[in-house]
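Report on the structure
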Protein chains: 2
Amino acid sequence: MNIGLLGFGTIGTGVYELINLNKGRFAKNLDEKVVITKILDKDPNKKVAEEDKVARVVTNPDDIMDDPEIEIVIALLGGMDFEYGLIKRALQSGKHVVTANKAVISEYFEELLTIAAENNVILRYEASVGGGIPIIGSLKEELKINRVNEIKGILNGTTNFILSKMTEEGADFADTLKLAQSIGFAEADPTADIEGYDVSRKLAILSSLAYGGIIKDEDVRKRGLSDVRAVDIEMAGDYGYIIKYLGHSVLKEGNQVYTTVEPVMFKEASIMSNVNSEFNIISIVGDIIGELQFYGKGAGKDATANAVVGDALYIINCIKDNNFPKPLVFRKQLDKKGVGAFKGKYYLRVDIDSHETFEHALNAVDEVCARKNIIVSDNRVFFMTEPVEADVFDAMVAKIKEKQSECFYARIYE
Amino acid sequence: MNIGLLGFGTIGTGVYELINLNKGRFAKNLDEKVVITKILDKDPNKKVAEEDKVARVVTNPDDIMDDPEIEIVIALLGGMDFEYGLIKRALQSGKHVVTANKAVISEYFEELLTIAAENNVILRYEASVGGGIPIIGSLKEELKINRVNEIKGILNGTTNFILSKMTEEGADFADTLKLAQSIGFAEADPTADIEGYDVSRKLAILSSLAYGGIIKDEDVRKRGLSDVRAVDIEMAGDYGYIIKYLGHSVLKEGNQVYTTVEPVMFKEASIMSNVNSEFNIISIVGDIIGELQFYGKGAGKDATANAVVGDALYIINCIKDNNFPKPLVFRKQLDKKGVGAFKGKYYLRVDIDSHETFEHALNAVDEVCARKNIIVSDNRVFFMTEPVEADVFDAMVAKIKEKQSECFYARIYE
């Protein structure tokens, strides 16, 4: 079985190495050689392993797309338009596709599945969510019996690394982000991670699958992490909480879907609080099975390559058995409703630069919540409120921000 | 597709209800009706649902075993010899089998797989480990790419319920066991749960699969939970630990396997410590994927029925596609080595009834460990030691027990 690999970066190299390392085992288990014959990379000087007499690096995608010997394309370029175009073209050429590209899948999920079905080929994307965690496959399995009506998870390694580091070391956000960038845990432009786009895409993919209708990145309410400060981590700790960056969606009656990506607080003694650094966790709730949680490495060369190669093996098995899974169809029209279904106690910090901003914050909180603890310390005021609906609290903070933008808040999960 | 159900107890009823509840969906997804036609139960007066015009309760297993229309047998009787006999007979009659019986699977794993292969039928047992947690399937998936060399987990709902309750309420072991029995969380004879047989069977099944060679219940070192007292939970808490009942196996060079089932301590702020009551967690470590953890309901009607029905759907798909998985063969001869690979700091409590038993305990600990903290309180002495190998510590405690049997110990996982 010949494979064309798009992308020879970290994950691409991992996939290349993993397939070569296991070629004996795969050949034995599958009665079939698994061979990467061509690798697309911008740099024509990139080299395959010396002992590899088969694979070669190509710079023109046509060399892979037009090669009738290549039955499977593994797309690991990242980015959006270019990879989207190639995935589409591969499917249209009757090639099966494996990708880790969450941006492309979340944006063009329905279209790509339709094209795959029309061309009788398989599209797999296990590595697009949760890196090495086998969540897509597990979710599909549970859906054969369950209605899944809730998904939540720590889905981004970069923000989780930053929060873990800040918690361990009492460091501030900006410094920790710089550290993460310097050691390769955050990108030069960290927007997708710290503003929630990465989590939102993953949540959109899982929610679409689980709820049986399309949810896109743009449907998901996102609140970034960049307002968090060392003092927030410290205050949370004083109350016995840990701050985490969470994606959460729920399905309610009438196909109403509520989604959010935002910083929240969990009790120190909880499973979620103890998922650290590059690890991810995903919780799904089914009507029969109850809650299931899946924990593992959400990123990294080996874990991600494991998921990608697992998808490729799945496809090879289907081809050999000439037995393809039923195409997935998103039949439901989902009613996307914002964040009204989320409710909880809130932690809120507002920096105070005058008596006026103090009064303004106090009045704003008063309007949504009668009972709360208030701590005033130096030039900051901290609130711990009674339970408030997320949309009400968001609107209230927006009002505070008209006068004072230096503030941070997080809903408490208990 | 006709199914014969062996057992109409809690799980059997759950499976019956789940299949009937979903018959429309299953028929649509599979292009095939899924029908339970006969249910074996001792009690001929047990009734199927009134609207069910197909299924009937039989008291003679021949009615199912000799029915050529029944292609799948779901075995949920529990116990050992009787169900083993029926599973074997079903496989030999060319029927596919799904079971949740961990005792039968762990004891006759290789024989039953061989009989299934010889008769070209499928044997599935997802619910035998971890109830609703999809661990067997996930483990098999990861093994296509990984060498899995470590498995650990909280695998028994009864002991985990007892420990959670004792931790919450400061109650003692005997009272909590009685409570668990009174609300159906522990059986009248709780031996299999509190002496570790249940965990050991589950660990044996997972380890056999993961390491590719047979490990039986009798190969697993088991240490029961019944020595734990409220004071141990309290002392653990003072040091920031939670006591859990853990199954743990590791594969080392030369196919050496180390296994243990015993009470251990985890930091309060850890994932394992926050798995409570009837929930289970299973951690596997692969050479490529790293650590994966799977969390969910380890017991209970719905979650277990979910796993059983999932297996049945898998088999129906295979039958319809006329496409069976390669039979599993345990090729490796494993060298079973005891507990020498486990090492850690230890907590030890010894009750003192005389100066002699005190001296005896002190000297015994001294011999295996120079540095330790000692607390003497009322008529008890508590030790927190430096790291000691498990086999050394076990032998040391055996020596203490010659003079004083009232003691408890647990290795600390950090």
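Residues numbered from 1 in each chain as written. Chains lettered and ligands numbered in written order. Predicted model: local features only at pLDDT ≥ 70, side-chain atom pairs only at ≥ 80, totals over all residues. Heavy atoms only, no water.

**Examining the overall build of chain A**
Looking only at helices and strands, chain A features 14 helices and 19 strands. In summary, chain A has a C-alpha radius of gyration of 23 Å against a globular reference of 22 Å for 414 residues, a match within 12%. Overall, chain A is about 75 × 45 × 35 Å in size when its C-alpha atoms are taken along their principal axes. The buried share among the 414 residues of chain A stands at 57%. As presented, chain A carries roughly 16500 Å² of accessible surface, and 46% of it is formed by carbon and sulfur atoms. Across chain A, the 49 positively charged side chains and the 64 negatively charged ones have centroids separated by 4 Å. (Helix = DSSP H or I, 4+ residues; strand = E, 2+ residues; numbered from the N terminus. Rg over C-alpha atoms; globule rule 2.2 N^0.38 Å. Buried < 20%, exposed > 50% of the residue type's maximum accessible area, 1.4 Å probe, protein only. Areas by Shrake-Rupley, 256 points an atom, 1.4 Å probe, with all protein chains shown as cover. Lys, Arg positive; Asp, Glu negative; His and termini not counted. Charge placed at Lys NZ, Arg CZ, Asp CG, Glu CD.)

**A look at the pairing of strand S15 (residues 346-351) of chain A**
All names here are of chain A. Taking burial as the measure, the 6 residues of S15 include 6 buried ones, the bulk of the element. Of the two faces of S15, the one holding Tyr346, Leu348 and Val350 and the one holding Tyr347, Arg349 and Asp351 are both buried throughout. By the bridge criterion, 5 bridges tie S15 to strand S19 (residues 407-413) in an arrangement that is antiparallel. Following the sheet pairing, tyrosine 346 is matched in S19 by arginine 411. One ladder, built from 5 bridges, connects S15 with strand S17 (residues 380-385); its direction is antiparallel. Within S17, the residue paired with aspartate 351 across the bridge is arginine 380. (Pairing = 2+ DSSP bridges.)

**So, the domain arrangement of chain A**
Residues and elements named next belong to chain A. Taken as a whole, chain A is organised into domain 1 (2-132 + 301-321), domain 2 (135-298) and domain 3 (343-413). Here the C-alpha centre of domain 2 lies 27 Å away from the C-alpha centre of domain 1. Tallying the contact residues gives 16 residues for domain 1 and 20 residues for domain 2. Counting each side, the surface lost to burial between domain 1 and domain 2 is near 1500 Å², with a carbon and sulfur contribution of 65%. (Domains from an automatic or database assignment. Contact = heavy atoms within 4.5 Å. Buried area = accessible area lost by both parts, 1.4 Å probe.)

**Details of the UniProt feature "binding site: L-homoserine" (unreviewed entry) in chain A**
All names here are of chain A. UniProt records the feature "binding site: L-homoserine" (unreviewed entry) for Glu187 in the present numbering. Locating glutamate 187 in the fold gives a position in the loop between helix H8 (173-182) and helix H9 (191-194). The class for glutamate 187 is exposed, based on a relative accessible area of 54%. If near-sequence neighbours (up to four positions away) are discounted, glutamate 187 is found in contact with Gln181 and Asp193. (UniProt positions renumbered as here; feature names shortened; annotations may be inferred.)

**Comments concerning the nonpolar core**
One finds Leu123(A) and Leu123(B) to be the most contacted residues of the largest nonpolar core, which totals 160 residues. Contacts of Leu123(A), omitting those with residues within four sequence positions, involve Ile87(A), Leu91(A), Val97(A), Ile105(A), Leu112(A), Leu113(A) and Ala116(A). (Core = buried A, V, L, I, M, F, W, Y, C linked by side-chain atoms within 4.5 Å.)

**Here we look at the relation of the copies chain A and chain B**
Aligned on chain B, chain A shows an RMSD of 0.0 Å; the corresponding rotation is 180° and the shift along the axis is 0.0 Å. On this basis, the relationship between the two copies can be described by a two-fold rotation axis. With an isologous cut-off of 70% or more, the 98% of interface residues of chain A that recur at the interface of chain B puts this contact in the isologous class. (Least-squares fit on C-alpha atoms with pLDDT ≥ 70 in both.)

**Some thoughts on helix H4 (residues 81-92) of chain A**
All names here are of chain A. Between its first and last C-alpha atoms H4 spans 16 Å; for 12 residues at 1.5 Å apiece the expected length is 16 Å, and the two agree. Buried within H4 we find Glu83, Tyr84, Leu86, Ile87, Ala90 and Leu91. For H4, the angular spread of the buried residues around the axis is 165°, confining them to a single face. Along H4, the residues that are exposed and aim more than 90 degrees away from the buried face are Asp81 and Phe82. (Expected span 1.5 Å × (residues − 1). Arc of directions from axis to C-beta.)

**Topic: helix H11 (residues 230-238) of chain B**
All of the buried residues in H11(B) are Ala230(B), Val231(B), Asp232(B), Ile233(B), Met235(B) and Ala236(B). Directly beyond the C-terminal end of H11(B), a positive phi value near 85° is found at Gly240(B).

**Some points on the state of the cysteines**
All names here are of chain B. Using the criterion set out here, one finds 0 disulfides over all chains in the structure. In this structure cysteine 369 is a free cysteine whose sulfur lies 16 Å from that of cysteine 407, the closest cysteine sulfur available. Residue class for cysteine 369 comes out buried when judged on its relative accessible area of 2%. (Disulfide = S-S within 2.5 Å.)

**Let's talk about the packing of helix H7 (residues 157-169) of chain B against helix H8 (residues 173-182) of chain B**
All names here are of chain B. H8 packs onto H7 with a crossing angle of 125° between their chain directions and a minimal axis gap of 9 Å. Considering the angle they form, H7 stands oblique to H8. Crossing angle aside, the handedness with which H7 passes H8 is right-handed. Together, Phe161, Ile162, Lys165 and Met166 of H7 and Phe173, Thr176, Leu177, Leu179 and Ala180 of H8 make up the contact between the two elements. Of the residues in the contact of H7 with H8, the class split is 7 nonpolar, 1 polar and 1 charged. (Axes fitted to C-alpha atoms, helices over the stretch in contact; angles between N-to-C directions. Parallel < 35°, antiparallel > 145°, perpendicular 65-115°, else oblique. Left-handed = near helix turned anticlockwise from the far one by under 90°. Nonpolar A, V, L, I, M, F, W, Y, C, P; charged D, E, K, R; others polar.)

**Considering empty space enclosed by the protein**
Residues and elements named next belong to chain A. Following the criterion strictly, the structure yields 3 cavities of 30 Å³ or more and no others. Lining the largest cavity are Arg124, Tyr125, Glu126, Ile136, Gly137, Lys140 and Asp311. Residue contributions to the lining of the largest cavity peak at 3 residues, all from helix H6 (residues 135-143). Residue classes in the lining of the largest cavity are distributed as 2 nonpolar, 1 polar and 4 charged. (1 Å grid on protein atoms, 1.4 Å probe; cavity = no way out; pocket = protein on both sides within 12 Å on 5 of 7 lines; lining within 4 Å. Points joined across faces, edges and corners; volume = space filled by probe spheres on them.)

**Topic: the interface of chain A and chain B**
Taken together, the contact between chain A and chain B spans 44 residues of the former and 43 residues of the latter. Buried surface at the junction of chain A and chain B, summed over both partners, amounts to about 3400 Å²; 54% is from carbon and sulfur atoms. For the pair chain A and chain B, the interface holds 0 salt bridges. At the boundary of chain A and chain B, one finds 18 residue pairs in polar contact (both at pLDDT 80 or more). Elements with a contribution of two residues or more to the side of chain A that touches chain B: helix H1 (10-21), helix H2 (23-30), H6, strand S12 (290-297) and helix H12 (301-321) of chain A. (Salt bridge = Lys/Arg side-chain N within 4 Å of Asp/Glu carboxyl O. Polar contact = N/O pair within 3.5 Å; in protein donor to acceptor, adjacent residues only side chain to side chain.)

**Re the side chain of Glu83(A)**
All names here are of chain A. Tracing the chain through its elements places glutamate 83 in helix H4. The buried charged residue glutamate 83 lacks any salt bridge, with lysine 102 as its nearest oppositely charged partner at 9.1 Å. Side-chain polar atoms of glutamate 83 contact the backbone nitrogen of leucine 77, separated by 2.6 Å. At 2.7 Å, the side chain of glutamate 83 forms a polar contact with the side chain of asparagine 101. Apart from the residues within four sequence positions on either side, glutamate 83 is in contact with Leu6, Ala75, Leu76, Leu77, Gly78, Thr99, Asn101 and Val104.

**Thoughts on the side chain of Arg349(B)**
Residue and element names in this part refer to chain B. Within the secondary structure, arginine 349 is located in strand S15 (residues 346-351). Polar contacts involving the side chain of arginine 349 include one to the main-chain carbonyl oxygen of aspartate 227, which spans 3.1 Å. Apart from the residues within four sequence positions on either side, arginine 349 is in contact with Asp227, Arg229, Val231, Asp232, Arg380, Val381, Phe382, Glu406, Cys407 and Phe408.

**Digging into the sheet that holds strand S6 (residues 123-124) of chain B**
Residue and element names in this part refer to chain B. Pairing is parallel across the open sheet formed by 6 strands, whose spatial order is S3-S2-S1-S4-S5-S6. With partners counted over all chains shown, the strands left at the sheet margins are strand S3 (56-58) and S6, one partner each. With 5 bridges joining them, strand S1 (residues 2-6) and strand S4 (residues 70-75) adopt parallel strand pairing. In the sheet register, glycine 4 faces S4, and the bridge partner there is valine 73. Running at roughly 150° to strand S5 (residues 96-99), helix H4 (residues 81-92) makes contact with S1, strand S2 (35-40), S4, S5 and S6 of the sheet.

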